[in-house]
Amino acid sequence: MGKQKNSISDAAQAEKNQDSICIHIFSVSATLVGVCLTVIGIFRAITELKNFNSVGDNILAFDALLFLISCITSYIALRSTDKQRRRKLERIADSVFMTGLLLMAIVCTLIAYTFI
């Protein structure tokens, strides 16, 4: 009896951890959309002053869309009552979020070497 109760407790803890990850993806994605938009504005101002063009701001705009998709997907997952649908949405949100982070690191490298 104690072992069955422990497995139920473990399952509840795993469910809580998944929700926690989804909440973090939701909040960080929303923040990173704002960061991308801010950097686009700064990037545009600098490129106007220096009179050169770069694809960095276009990539950041796409990156902002990735973070927005991740944010919306994680929000839908948090609201979902169907466990299988929730897990699928969480995996999608996680994958899109990680792709956005990778793209943001690439843009940071591009910006760093553009202004040298």
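Predicted model, so just to flag it, every value in this text is computed and none were measured. Every chain begins its residue count from 1, and numbering advances along the sequence as written. At least 70 in pLDDT is required for a residue's local features to be given in this predicted model, at least 80 for side-chain atom pairs to be given and counted, and no such filter applies to totals for whole chains, interfaces and linings, which use all residues. Calculation of side-chain values draws on the structure's entire complement of heavy atoms; hydrogens and water are dropped beforehand.

*Asks:* Sorry, what's going on with the nonpolar core here?
*Replies:* The biggest cluster of nonpolar side chains holds 14 residues, and the ones touching the most others in it are Leu32, Cys36, Leu60, Phe67, Phe97, Met104 and Ile111. The set of elements that each furnish at least two residues to this core consists of helix H1 (2–50), helix H2 (56–79) and helix H3 (83–114). Put simply, DSSP marks the helices as runs of H or I at least four residues long and the strands as runs of E at least two long, and each gets a number from the N terminus on. For this core, the leading source of residues is H1, giving six residues. Contact between two residues is taken to exist if any of their heavy atoms lie within 4.5 Å; hydrogens are not considered. Apart from residues lying up to four places away in sequence, Leu60 is in contact with Cys36, Val39, Ile40, Val107 and Ile111. Among buried residues, those of type Ala, Val, Leu, Ile, Met, Phe, Trp, Tyr and Cys that are joined through side-chain atoms within 4.5 Å constitute a nonpolar core. Only protein chains enter the accessibility calculation, which uses a 1.4 Å probe. A residue is then buried if its area is under 20% of the maximum for its type, exposed if over 50%, and partly exposed in between.

*Asks:* Explain the packing of H2 against H3 to me, please; I cannot follow it from the model alone.
*Replies:* Two packed helices can be described by the angle between their axes and the distance between those axes. Orientation is described by lines fitted to C-alpha atoms, with helices fitted over the stretch in contact, and by angles between N-to-C directions that extend from 0 to 180 degrees. Put simply, H2 and H3 touch, their axes get as near as 8 Å, and they point 160 degrees apart. As judged from the angle between their axes, H2 and H3 are roughly antiparallel. The two elements H2 and H3 meet at a crossing, and its hand is left-handed. Residues belonging to the contact of H2 with H3 are distributed by class as follows: 20 nonpolar, six polar and four charged. Here roughly perpendicular refers to angles of 65 to 115 degrees, roughly parallel to angles under 35, roughly antiparallel to angles over 145, and oblique to all remaining angles. Crossings are sorted by hand: turned counterclockwise from the far helix by less than a right angle, the near helix makes the crossing left-handed, and turned clockwise it makes it right-handed. Three residue categories are used. Nonpolar comprises Ala, Val, Leu, Ile, Met, Phe, Trp, Tyr, Cys and Pro, charged comprises Asp, Glu, Lys and Arg, and polar comprises the others, including Gly.

*Asks:* Help me out: how do you make sense of the confidence of the model for the protein chain in this one?
*Replies:* One rule of thumb: low pLDDT means the predicted coordinates there are not for detailed reading. Predictor confidence is given residue by residue as pLDDT, running from a minimum of 0 to a maximum of 100. Put simply, the protein chain has an average pLDDT of 83, and 81% of its residues get 70 or more. Highest mean pLDDT in the protein chain belongs to H2 (92); lowest belongs to H1 (77).

*Asks:* Any chance you could explain the state of the cysteines here in plain terms?
*Replies:* Structurally, a disulfide amounts to a covalent bond that connects the sulfur atoms of two cysteines. By definition, disulfides here are pairs of cysteine sulfur atoms that lie within 2.5 Å. For the structure shown, the criterion picks out zero disulfides. Between Cys71, a cysteine without a disulfide, and Cys22, which holds the nearest cysteine sulfur, the sulfur-to-sulfur distance is 9.9 Å. Given a relative accessible area of 10%, Cys71 falls into the buried group.

*Asks:* What is the right way to read the environment of Tyr75 from this model?
*Replies:* With respect to the helices and strands, the residue Tyr75 is situated in helix H2. You can call Tyr75 partly exposed: its relative accessible area is 41%.

*Asks:* Quick question: what am I supposed to make of H2 here?
*Replies:* Residues separated by three or four positions in an α-helix point in the same direction, a consequence of the helix having 3.6 residues per turn. Multiplying one less than the number of residues by 1.5 Å gives the expected span of a helix. Taking 1.5 Å per residue as the helical rise, H2 with its 24 residues ought to reach 34 Å, and the 35 Å between its terminal C-alpha atoms agrees with that figure. Those residues of H2 that sit buried are Gly56, Asp57, Leu60, Asp63, Ala64, Leu66, Phe67, Ser70, Cys71, Thr73, Ser74 and Ala77.

*Asks:* I would appreciate a short explanation of the packing of aromatic side chains in the present structure.
*Replies:* Here the distance between the centres and the angle between the planes together describe a pair of aromatic rings. Each aromatic pair joins two rings of Phe, Tyr and Trp (for Trp, the six-membered one) with centres within 6.5 Å, and gets the label stacked for planes under 30 degrees apart, edge-to-face for over 60, and tilted for any other angle. Applying the stated criterion to the full structure yields two aromatic pairs. Between Phe26 and Tyr75, the ring centres sit 5.7 Å apart and the planes meet at 35 degrees, which makes this aromatic pair tilted. Separated by 49 residues along the polypeptide, Phe26 in helix H1 and Tyr75 in helix H2 bring together distant segments of the chain.

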